[in-house]
Every structure is written in structure tokens, then in C-alpha cells.
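Residues per chain are reported as follows:
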Amino acid sequence: LLKVCRLKVFNGVNLASYDTRQGKQPDGEERLAQRLRAERAVRGLSQEELAFLAGVHRTYVGSVERAERNVSIDNIEQFACALGMDISDLLKPV
């Protein structure tokens, strides 16, 4: 029987409440999420409309905007085309 435990305290620091991203730049997923939401809003598109234009499911757009997905380069390209922008622009900070 193998029992796996999650480390909760390290050198007196409660890791359950420690935010490793605090004060750091957003990672790629977060930058994409923020930019996608901002660009969609500027164009007045709903998540459903963007999903239709990009050829993905509407719930996928929401999960990408919440940075819950590891998005493939192909899907980033589909979003960029749907928004009429260059793929590199979707990864720039907002």
C-alpha cells in the first residue's frame, strides 16, 4: 500500500496559503487568458460568438479565459484569426 501525502508545511511556512505567483509576471496561460478576454470585449463579442468564429466549443473559450487550459498553438492561431490579429499579439501582456 502506497500512501501519498501532500506537504503542507515547509520551514514553518503554511504552503496551503502560499501564492507562488504573488508579485510575479503572469505566466503564458494567464497572459493569453487576459489578452483573449480583453480583445473579445473590445470587439463586443460574447464567448459564444468567439467560439463560433474560432471553431471551438463555447465552454472552451471560458476555460481558456480563466487560464484553466494548456492551449495548443493551433487553437491560439484559431483565436488570433477569429479576432483578426497576429498570433504573437495574443501572448503580449494586457
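Right above here is the structure, for reference.
For every chain, the first residue of the written sequence is number 1, and numbering continues from 1 onward in sequence order. Side-chain atom pairs in this predicted model are given and counted only at pLDDT of 80 or more, local residue features only at pLDDT of at least 70, and totals for whole chains, interfaces and linings cover all residues. Note that water and hydrogens are dropped before the side-chain values are worked out from all heavy atoms of the structure.

To continue, consider the side chain of S63. Segments assigned H or I by DSSP are reported as helices when at least four residues long, segments assigned E as strands when at least two residues long, and all are numbered from the N terminus. Note on placement: S63 falls in helix α3 (residues 58–65). Here a residue-residue contact requires only that any non-hydrogen atoms of the pair lie within 4.5 Å. Not counting chain neighbours up to four residues away, the residues in contact with S63 comprise E68 and R69.

So, about unusual backbone geometry. Residues other than glycine seldom take positive phi values, yet A67 does so here, at roughly 60°. Within the secondary structure, A67 is located in the loop between α3 and α4 (73–83). Per-residue accessibility, obtained with a 1.4 Å probe over protein chains only, is compared with the maximum for each type, and a residue is labelled buried under 20%, exposed over 50%, and partly exposed between these values. With relative accessibility at 22%, the residue A67 sits in the partly exposed group.

Turning our attention to the side chain of R40. If you trace the backbone, R40 turns up in helix α1 (residues 28–42). In this structure R40 comes out as buried when scored by relative accessible area, which is 12%. When near neighbours in sequence (up to four residues on either side) are disregarded, R40 contacts L45, S46, Q47, L50, E65 and L83.

Below, the discussion takes up the nonpolar core. We call a set of buried residues a nonpolar core when its members are Ala, Val, Leu, Ile, Met, Phe, Trp, Tyr or Cys and they connect through side-chain atoms within 4.5 Å of each other. Counting 18 residues, the largest nonpolar core has L36, L50, V56, V64, F79, L83 and L90 as its most contacted members. Every element with two or more residues in this core is listed here: α1, α2 (47–54), α3 and α4. For this core, the element with the highest residue contribution is α4, accounting for 5 residues. The residues contacting L36, other than those within four sequence positions of it, are L50, V64, E65, F79, L83 and L90.

With that out of the way, let us pick up α2. Helical periodicity: at 3.6 residues per turn, an α-helix aligns residues three or four positions apart in one direction. Among the residues of α2, those classed as buried are L50, A51 and A54. Each buried residue of α2 sits inside an arc of 105° when the element is viewed along its axis, so together they form one side. Pointing more than 90 degrees away from the buried face of α2 are the exposed residues E48 and F52. Against α1, α3 and α4 lie the buried residues of α2. At the exit of α2 stands G55, carrying a positive phi of roughly 75°. By arc we mean the arc of the directions from the helix axis to the C-beta atoms, nothing more.

Attention now goes to the pattern of salt bridges. In what follows, salt bridge is the name for a side-chain nitrogen of Lys or Arg lying within 4 Å of a carboxyl oxygen of Asp or Glu. Counted under the stated rule, the structure contains 6 salt bridges. Among the ionic pairs, R40 bridges to E65, the shortest N-O distance being 2.6 Å. Within this pair, whereas R40 is found in helix α1, its partner E65 is found in helix α3, the two being separated by 25 residues in sequence.

What follows concerns the packing of α1 against α4. Between α1 and α4, the shortest axis-to-axis distance is 11 Å and the interhelical angle comes to 20°. It follows that α1 is roughly parallel to α4 by the angle criterion. Crossing of α1 against α4: the hand is left-handed. Judged by residue contacts, L32, L36, E39 and R40 of α1 engage I76, F79 and L83 from α4. Each residue receives one of three labels: charged for Asp, Glu, Lys and Arg, nonpolar for Ala, Val, Leu, Ile, Met, Phe, Trp, Tyr, Cys and Pro, and polar for the others, Gly being one of them. Looking at the contact of α1 with α4, its residues break down into 5 nonpolar, no polar and 2 charged. Axis geometry follows a simple rule: fit a line to the C-alpha atoms, using only the stretch in contact for helices, then measure angles between N-to-C directions, giving values from 0 to 180 degrees. The cut-offs work like this: below 35 degrees is roughly parallel, past 145 is roughly antiparallel, 65 to 115 is roughly perpendicular, and the gaps in between are oblique. The sense of a crossing depends on the near helix, which, turned anticlockwise from the far helix by less than a right angle, makes the crossing left-handed and, turned clockwise, makes it right-handed.

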